[in-house]
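Listed below, chain by chain, are the residues.
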Amino acid sequence: QVQLVESGGGLVQAGGSLRLSCAASTRTFSSYVMGWFRQAPGKEREFVAGINWSGGSTRYADSVKGRFTISRDNAKNTVYLQMNSLKPEDTAVYYCAARRGGYELATTDAQLHYWGQGTQVTVSS
């Protein structure tokens, strides 16, 4: 069982930046595919960004491409989501998710096995 703990959420004005972190409780973090998802009030959870085990391959939702960057530090068992040029429509609870192997990248809920508790991001206009 892997535990994921997100941090870094908060309130920011439109155009601002935040960096989310997700720490994983596993000694084999480098074997995990990681992803960030978000869920806005009244909406379904949606894919935001994904990264493969090495960090050499990434994928983004069209809505965040060019503004968000996913990265990972396998020595620190941590994955990050740098969010720039934030918009009010980015307001949501952001979740970190993980899967051990099986895919190069994971972009759907069903592909990921472990989930964090979520961190709130609120962007004011």
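Residues numbered from 1 in each chain as written. Predicted model: local features only at pLDDT ≥ 70, side-chain atom pairs only at ≥ 80, totals over all residues. Heavy atoms only, no water.

Caption draft 1: The arrangement of the pattern of salt bridges in detail. A full pass over the atoms with the stated rule returns five salt bridges. Put simply, Asp90 and Arg38 hold a salt bridge, and the shortest N to O gap is 2.9 Å. Of this pair, Asp90 sits in the loop between strand S8 (78–83) and strand S9 (92–100) while Arg38 sits in strand S4 (residues 32–39), placing them 52 residues apart in sequence. Pair check on accessibility: Asp90 and Arg38 agree, each one buried. In this structure, the salt-bridge partner of Arg45 is Asp109, at a minimum N-O distance of 3.0 Å. Separated by 64 residues along the polypeptide, Arg45 in the loop between S4 and strand S5 (46–51) and Asp109 in the loop between S9 and strand S10 (114–115) bring together distant segments of the chain. Judged by its relative accessible area of 29%, Arg45 falls in the partly exposed class. By relative accessible area, which is 29% here, Asp109 ends up partly exposed. When salt bridges with common partners are traced through the structure, they connect Arg38, Glu46, Arg67 and Asp90 into a single cluster. (Salt bridge = Lys/Arg side-chain N within 4 Å of Asp/Glu carboxyl O. Helix = DSSP H or I, 4+ residues; strand = E, 2+ residues; numbered from the N terminus. Buried < 20%, exposed > 50% of the residue type's maximum accessible area, 1.4 Å probe, protein only.)

Caption draft 2: Looking closely at the packing of aromatic side chains. Counted according to the given criterion, the structure contains three aromatic pairs. Ring centres of Phe37 and Phe47 lie 5.7 Å apart, and the angle between their planes is 75°; this geometry places the pair in the edge-to-face category. With a gap of 10 residues between them, Phe37 in strand S4 and Phe47 in strand S5 connect regions that are remote in the sequence. For the pair Phe37 and Phe47, one class covers both residues: buried. The structure contains a cluster of three or more aromatic residues connected by ring pairs, namely Phe37, Phe47 and Trp115. (Phe/Tyr/Trp six-rings, centres within 6.5 Å; stacked < 30°, edge-to-face > 60°.)

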